[in-house]
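Each chain, written out:
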Amino acid sequence: LVAQEGDQIIGVRAFMRWQWQYKNKVHAAFRAVDTATHPDHQGKGVFKKLTLKAIEMGKQNGDHFIFNTPNNQSMPGYLKMGWEKVSKLKVRLIPTSPLSWKADDQKLEYALFKECSDEHIKSLCDKHNVVTSKKNVLFTPKSQAYLKWRYENNPLQEYEVMAGKGYYLAAYVKDHGKFREFRVVEHLYEGPKALRELGRNIRALASQHGVQVISMGNMGRSSSLLAVSGKFGPVLTFRSLQLDPAQEKRYLNLNNWSYSLGDLELF
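**Q** I tried to follow the environment of Gly 58 on my own but got confused; where do I start?
**A** Relative to the helices and strands, Gly 58 is located in helix α1 (residues 46-61). Residues Gly 58 and Val 33, 25 residues apart in the sequence, show an inter-C-alpha distance of 15 Å. Setting aside anything within four residues of it in sequence, one finds Gly 58 in contact with Phe 30, Asp 63, Leu 241 and Gln 242.

If you want it as structure tokens, here you go:
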């Protein structure tokens, strides 16, 4: 959405279409992402007017809710417009061996490496959706097309993508200056054997890139005794559009969300 004064564009608000699924019910949702207001027009309520217009359009379209992870600067404005805080996101952190650490200025070379066919990935996504739909949690339904759009053909962020029979992995290195993080944004797997192979590949890639810590969302699993889980992520916020009170109450509880970091991160 854009705001104009005369022939001049003075503000823009971007929203990204998304789907979340609970059991067999697929919710039409969108995420509030980028916003900008011309410096000469700040303080005039441009951000608020565009956001309220988006809410109005969402209701007219029959959409169910809006979600995002706003920063501290924009959080108060969202809360005034009916957003509610769900919680800080749970993240799992796994330290790596100091023997694998390398210089921070190491050049990264991201790769797309698949040892399986598109049919295997489609089957993996279908099975993941069926299994997760039985857990009474809200999740992003996965498909081969989604994975290609979100990770393999993303022009804004390079991801390390690896796929084999029974698993799929997408990750990248986040440089924090004093340390580097191997951020696992998506991992799907089918069965214990695939999970073990996936874990080996994650550790091998983390070692290759010389990072100090591995991170993943609450979908993450690790056999590491040193893994630490906690609410280390940004605050997830939520704005109901067409949900009934019982649904809204359910989704305001973070325990009812099953998410990868890729479902909720900014690009």
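There is more to say after this.
**Q** Got a minute to help me understand the pattern of salt bridges in this structure?
**A** Proximity of charged atoms lets side chains of opposite charge pair with each other. Scanning all chains against the criterion turns up 10 salt bridges. In this structure, Glu 190 and Lys 127 form a salt bridge, with 2.8 Å as the shortest nitrogen-oxygen distance. With Glu 190 in the loop between β11 (180-189) and α5 (191-208) and Lys 127 in helix α3 (residues 118-133), this pair connects stretches of sequence that are 63 residues apart. Between Lys 142 and Asp 263 there is a salt bridge, with its nearest N and O atoms 3.4 Å apart. Residue Lys 142 is found in the loop between β8 (138-139) and α4 (144-152), and its partner Asp 263 is found in helix α7 (residues 261-264); the two are separated by 121 residues along the sequence. Residue Lys 142 shares its accessibility class with Asp 263, and that shared class is buried. One salt-bridge network, held together by shared partners, links Lys 142, Glu 186 and Asp 263.

Procedures and definitions
- Residues numbered from 1 in each chain as written.
- Predicted model: local features only at pLDDT ≥ 70, side-chain atom pairs only at ≥ 80, totals over all residues.
- Heavy atoms only, no water.
- Helix = DSSP H or I, 4+ residues; strand = E, 2+ residues; numbered from the N terminus.
- Contact = heavy atoms within 4.5 Å.
- Salt bridge = Lys/Arg side-chain N within 4 Å of Asp/Glu carboxyl O.
- Buried < 20%, exposed > 50% of the residue type's maximum accessible area, 1.4 Å probe, protein only.

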